[in-house]
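Below are the chains, spelled out letter by letter.
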Amino acid sequence: MNSIKRLSKFAVLFILIISLTFLSTNFAFQMRELSEAEIEKMFSELKRLQGLPYVWGGTSNFGLDCSGLVIYLLRMLGHNQFVYQNSMVFDVTADNLYKYNTKPISDLKSLKKGDLIFFDMNEDTVYDHVVIFEKFDRYGNIWVWDAAEMPDGIHQNKVDRRPLSLLQARKYALGRIVVLNK
């Protein structure tokens, strides 16, 4: 009888250990960078979206905001969920794109087409604007795509491609998009 009790306790302990192991790894998402083909599809779609109205909170063909533009492009590629803390969600802010859905990039020279530049517009430690890096031109200008109302004091109010000005005058961060590895 003692051996049955010991075996029973062992079985319960074994099940508990397996359960805890499953729960602790359940939130470790396997992420990957976008492929070159996915990035090229993003930029083809950006050209099609050029001129679409800026709409705060927008994530559709009716209008987009900055994070909505990134979300829209990723959904078009089949990436419909985003990491937020230890969960998967269907929508995230620019700040949460940076914190949970990008791999940090240390300097501007490491930027590749499709990487994201995040801005803390009011210096409150929350990234509240994001643009999509396209290229450096031969003069060293940074060309980006975004959906904004009035970036850099210029009335844009649409999805557009533009040179990024006054970068050093703002708090910014750089990130490479990572998506759930399906």
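Here, every reference points to the structure presented above.
I will try to describe carefully the structure that is included in this document.

Conventions used here
- Along each chain, residue indices are assigned from 1 in the same order as the chain's sequence is written.
- Confidence filtering applies because this is a predicted model: local features only for residues at pLDDT of at least 70, side-chain atom pairs given and counted only at 80 or more, and all residues used for totals across whole chains, interfaces and linings.
- Values reported for side chains reflect all heavy atoms of the structure, with hydrogen atoms and water molecules removed beforehand.
- The criterion for an aromatic pair is that two Phe, Tyr or Trp rings (for Trp, the six-membered ring) have centres within 6.5 Å, with stacked assigned to planes under 30 degrees apart, edge-to-face to planes over 60 apart and tilted to the rest.
- Every helix listed is a DSSP run of H or I at least four residues long, and every strand listed is a run of E at least two residues long, numbered separately from the N terminus.
- Remark: exposure states derive from per-residue accessible area (1.4 Å probe, protein chains only) relative to the maximum for the residue type, with buried under 20%, exposed over 50%, and partly exposed in between.
- Placement of a charge over a ring requires the Lys NZ or Arg CZ to be within 6 Å of the ring centre, with the centre-to-atom vector within 35 degrees of the ring normal.
- In what follows, salt bridge is the name for a side-chain nitrogen of Lys or Arg lying within 4 Å of a carboxyl oxygen of Asp or Glu.
- Polar contacts, as used here, are pairs of N or O atoms within 3.5 Å; protein pairs need one atom able to donate a hydrogen and one able to accept it. Residues neighboring in sequence count only if both atoms are side-chain atoms.

**Describing the packing of aromatic side chains**
In step 1: If you walk through the whole model with that rule in mind, you get five aromatic pairs.
In step 2: Taking the centre distance of 5.1 Å and the plane angle of 65° together, the rings of Tyr 98 and Tyr 127 count as edge-to-face. Placement of Tyr 98 in helix α4 (residues 94-101) and of Tyr 127 in the loop between β7 (116-120) and β8 (129-136) is noted, with a sequence separation of 29 residues between them.
In step 3: Residue Tyr 127 is classed as buried on the basis of its relative accessible area, which comes to 12%.
In step 4: By the ring-pair criterion, three or more aromatic residues cluster together here, those being Tyr 98, Phe 118 and Tyr 127.
In step 5: Residue placement shows Lys 113 over the ring face of Phe 43; its charged tip is 4.8 Å from the ring centre.

**Some words on the pattern of salt bridges**
In step 1: Summed over all chains, the structure comprises nine salt bridges.
In step 2: Glu 38 is the salt-bridge partner of Arg 32, the closest N and O atoms lying 2.9 Å from each other.
In step 3: Among the ionic pairs, Glu 134 bridges to Arg 161, the shortest N-O distance being 2.5 Å. Of the two residues, Glu 134 sits in strand β8 while Arg 161 sits in strand β10 (residues 158-164), which places them 27 residues apart along the sequence.

**What about helix α3 (residues 66-76)?**
In step 1: Burial analysis of α3 places nine of its eleven residues in the buried class, which makes it a mostly covered element.
In step 2: The N-terminus of α3 is capped by Asp 65, whose side-chain oxygen sits 3.5 Å from the backbone nitrogen of Ser 67.
In step 3: At the C-terminal side of α3, Gly 78 shows a positive phi close to 95°.

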